[in-house]
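Structural overview for review
The primary structure of each chain is shown beneath.
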Amino acid sequence: MESPHSPSSFPSSPSYSSSSEGQSADGIFDADEPRTPLAVRRALQLLYSGDPELQVQAARDIRRLTKTSPRCRRQLSEAVGPLVSMLRVDSSESHEPALLALLNLAVKDEKNKINIVEAGALEPIISFLKSEDLNLQESATASLLTLSASSTNKPIISASGAIPLLVDILRDGTPQAKADAVMALSNLSTYPNNLSIILQTNPIPFIVNILKTCKKSSKTAEKCCSLIESLMEYDEGRIALTLEEGGVLAVVEVLESGTLQSREHAVGALLTMCESDRCKYREPILREGVIPGLLELTVQGTPKSQSKARTLLQLLRESPYPRSEIQPDTLENIVCNIISQIDGDDQSGKAKKMLAEMVQVSMEQSLRHLQQRALVCTPTSDLPIASEVPSKS
């Protein structure tokens with residue numbers, strides 16, 4: 001077990017930033033170090049004191065000083081080593097204060113993110129994911145969310161065994177921990193080798209459950225759909241989403257009412273499914289009433305969403321049956337007309353006119369669809385919108 005630095009090891013002239021930006025949180029500066037807040041120097045002195053109680057106080061001070069100040073994060077970067085040492089001591093009283101201080105040091109500071117991992121913080125943080133102390137578990141999850149935002153850290157975090165434990169949090173954690181865990185996994189999924197590791201943990205049921213219960217316009221829903229879109233590249237992911245009760249429906253609901261970015265991920269996920277095997281996934285997607293949302297996306301989505309929505313509509317309108325068997329006034333033929341005409345000069349006007357026609361023709365189909373939804377939907381309760389800085393820090 002590493003021991004904290006002794007008081008004599010505290011540097012007499014630390015190399016603080018010479019920035020002349022505003023004052024510290026308490027507005028006090030050291031006369032000998034005019035660019036350095038006195039509160040920063042005091043926090044470092046307490047941290048290096050060797051007294052466990054004073055170190056806990058220092059961690060709390062560092063957490064406060066770095067909560068909103070990028071300048072203090074730079075000036076307190078040398079606190080990383082001692083704070084990581086506090087995570088390793090056999091004293092639960094020091095763990096959460098040190099972890100929260102490290103969390104705030106890492107927020108929006110790439111160098112501190114990397115230094116925290118290099119200092120050996122991952123081992124204790126990952127052990128805290130299994131803690132029965134839910135507050136400590138939440139703080140550890142939030143820390144991994146922040147640290148995983150660094151591209152340098154992504155492969156290191158996955159190699160440390162964090163991914164299966166984050167999926168356990170998706171299943172059993174508090175609402176805040178679940179939201180942070182799905183964001184951390186979304187961050188980690190952007191490193192190619194991590195995606196297959198995530199898939200091996202069978203996360204789809206837990207992601208879908210979070211997606212069902214969170215607000216569809218939330219950041220949580222956006223990250224859920226981002227992760228689902230990535231997992232749809234694999235046959236195992238596509239099968240898991242289709243087999244999960246209400247899984248495709250949850251994605252369709254985000255496509256209808258999510259943020260612009262969420263809707264882009266949602267239509268991307270469905271398009272990937274249909275492109276991989278149209279015969280297999282066309283009916284499950286159509287069954288959830290995706291057409292109205294897709295038509296709206298062709299007009300109101302991002303450029304990527306519009307392109308993906310048109311492509312998916314094209315795939316969905318193609319029937320395995322001869323065209324002569326389809327009546328000219330069916331919803332399917334209306335969609336076909338939209339695809340063939342939407343690239344004209346008056347794209348928006350034509351699409352809106354046909355959208356109104358589609359709504360009128362599909363009234364009876366929508367009634368059946370709403371009845372199906374009533375059987376699979378669960379009451380909605382908003383998950384907290386997680387961010388790099390947890391609300392409690």
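Residues numbered from 1 in each chain as written. Predicted model: local features only at pLDDT ≥ 70, side-chain atom pairs only at ≥ 80, totals over all residues. Heavy atoms only, no water.

Observations concerning the overall build of the protein chain
Counting secondary structure elements, the protein chain contains 23 helices and zero strands. A buried classification covers 52% of the 393 residues belonging to the protein chain. If you sum the accessible surface of the protein chain, you get close to 17,800 Å²; carbon and sulfur atoms cover 50% of it. (Helix = DSSP H or I, 4+ residues; strand = E, 2+ residues; numbered from the N terminus. Buried < 20%, exposed > 50% of the residue type's maximum accessible area, 1.4 Å probe, protein only. Areas by Shrake-Rupley, 256 points an atom, 1.4 Å probe, with all protein chains shown as cover.)

Some thoughts on the packing of helix H5 (residues 92–106) against helix H6 (residues 110–118)
Close contact between H5 and H6 brings their axes to 7 Å; oriented N to C, the two are set at 140°. Between H5 and H6, the angle is such that the two are oblique. Along its contact with H5, which presents Leu102, Leu105 and Ala106, the element H6 presents Asn112, Lys113 and Ile116. Of the residues in the contact of H5 with H6, the class split is four nonpolar, one polar and one charged. (Axes fitted to C-alpha atoms, helices over the stretch in contact; angles between N-to-C directions. Parallel < 35°, antiparallel > 145°, perpendicular 65-115°, else oblique. Contact = heavy atoms within 4.5 Å. Nonpolar A, V, L, I, M, F, W, Y, C, P; charged D, E, K, R; others polar.)

Overview of helix H14 (residues 219–231)
For H14, with 13 residues, the first-to-last C-alpha span of 18 Å sits near the 18 Å given by 1.5 Å per residue. Burial analysis of H14 places 11 of its 13 residues in the buried class, the great majority of the element. Listing the buried residues of H14 in full gives Thr220, Ala221, Glu222, Cys224, Cys225, Ser226, Leu227, Ile228, Glu229, Ser230 and Leu231. (Expected span 1.5 Å × (residues − 1).)

Overview of the side chain of serine 189
Along the chain, serine 189 turns up in helix H11 (residues 175–189). When sequence neighbours within four positions are dropped, the list of residues in contact with serine 189 reads Leu195, Ile198, Leu227 and Ser230.

As for the environment of glutamate 264
Residue position: glutamate 264 is located in helix H17 (residues 260–276). As for glutamate 264 and valine 254, which are separated by 10 residues in sequence, their C-alpha atoms are 9.5 Å apart. When near neighbours in sequence (up to four residues on either side) are disregarded, glutamate 264 contacts Glu229, Thr302, Lys304, Ser305 and Lys308.

Brief notes about the packing of helix H8 (residues 134–147) against helix H10 (residues 162–172)
Two elements in contact, H8 and H10, have axes separated by 12 Å at closest approach and are oriented at 125°. Of the possible angle classes, the one that applies to H8 and H10 is oblique. Here H8 runs over H10; the crossing is left-handed. On H10, the residues that touch Gln137, Thr141 and Leu144 of H8 are Ala162, Leu166 and Ile169. A class-by-class count of the residues in the contact of H8 with H10 yields four nonpolar, two polar and no charged. (Left-handed = near helix turned anticlockwise from the far one by under 90°.)

Focus on the environment of glycine 247
The topology assignment puts glycine 247 in helix H16 (residues 247–257). Its relative accessible area of 1% is what places glycine 247 among the buried residues. When the C-alpha atoms of glycine 247 and asparagine 209 are compared, they prove to be 8.4 Å apart, with 38 residues separating the residues in sequence. Among all residues touching glycine 247, those that are not within four sequence positions of it are Val208 and Leu241.

What to know about the nonpolar core
Within the largest apolar cluster, 96 residues are counted, with the highest numbers of intra-cluster contacts made by Leu83, Leu211 and Leu270. The residues touching leucine 211, leaving out its near neighbours within four places in the chain, are Lys216, Ala221, Cys224, Cys225, Ile228, Ala250, Val251 and Val254. (Core = buried A, V, L, I, M, F, W, Y, C linked by side-chain atoms within 4.5 Å.)

Brief notes about unusual backbone geometry
Only a minority of non-glycine residues have a phi that is not negative, and only a minority of peptide bonds are not trans. Positive phi, close to 55°, is recorded for lysine 108, a residue that is not glycine. With respect to the helices and strands, the residue lysine 108 is situated in the loop between H5 and H6. Judged by its relative accessible area of 73%, lysine 108 is exposed. Positive phi values are uncommon outside glycine, yet asparagine 202 reaches one of about 55°.

What to know about the pattern of salt bridges
Evaluation of the coordinates by the stated rule reveals nine salt bridges. With a shortest N-O distance of 3.5 Å, arginine 171 and aspartate 168 are connected by a salt bridge. Of this pair, arginine 171 and aspartate 168 both sit in helix H10, separated by three residues, roughly a single helical turn. Owing to a relative accessible area of 42%, arginine 171 belongs among the partly exposed residues under this scheme. For aspartate 168, a relative accessible area of 31% gives the class partly exposed. Salt-bridge contacts for arginine 263 lead to glutamate 296; the nearest nitrogen and oxygen are separated by 3.8 Å. Taken as a pair, arginine 263 in helix H17 and glutamate 296 in helix H19 (residues 291–300) lie far apart in primary sequence, 33 residues in all. Taking relative accessible area as the criterion, arginine 263 reaches 6% and is therefore assigned buried. A residue is classified by how much of its surface remains accessible, and glutamate 296, at 27% relative accessible area, is partly exposed. Salt bridges sharing partners connect three or more residues here, namely Asp168, Arg171 and Asp172. (Salt bridge = Lys/Arg side-chain N within 4 Å of Asp/Glu carboxyl O.)

Examining H17
Compared with the 24 Å implied by 1.5 Å per residue over 17 residues, the 24 Å span of H17 between its first and last C-alpha is a close match. In terms of burial, H17 is a largely internal element, 13 of the 17 residues being buried.

With respect to the side chain of asparagine 194
Along the chain, asparagine 194 falls in helix H12 (residues 192–200). Accessibility expressed as a relative area gives 1% for asparagine 194, which makes it buried.

A look at the confidence of the model for the protein chain
This prediction gives the protein chain a mean pLDDT of 82; 72% of its residues lie at or above 70. Throughout residues 1–34 the model reports pLDDT below 50, and contacts reaching past four residues in sequence, or to other chains, amount to 58 contacts. For residues 378–387, every residue scores under 50 in pLDDT, and the model assigns this stretch 30 contacts once sequence neighbours within four places are set aside. (pLDDT = per-residue confidence, 0-100.)

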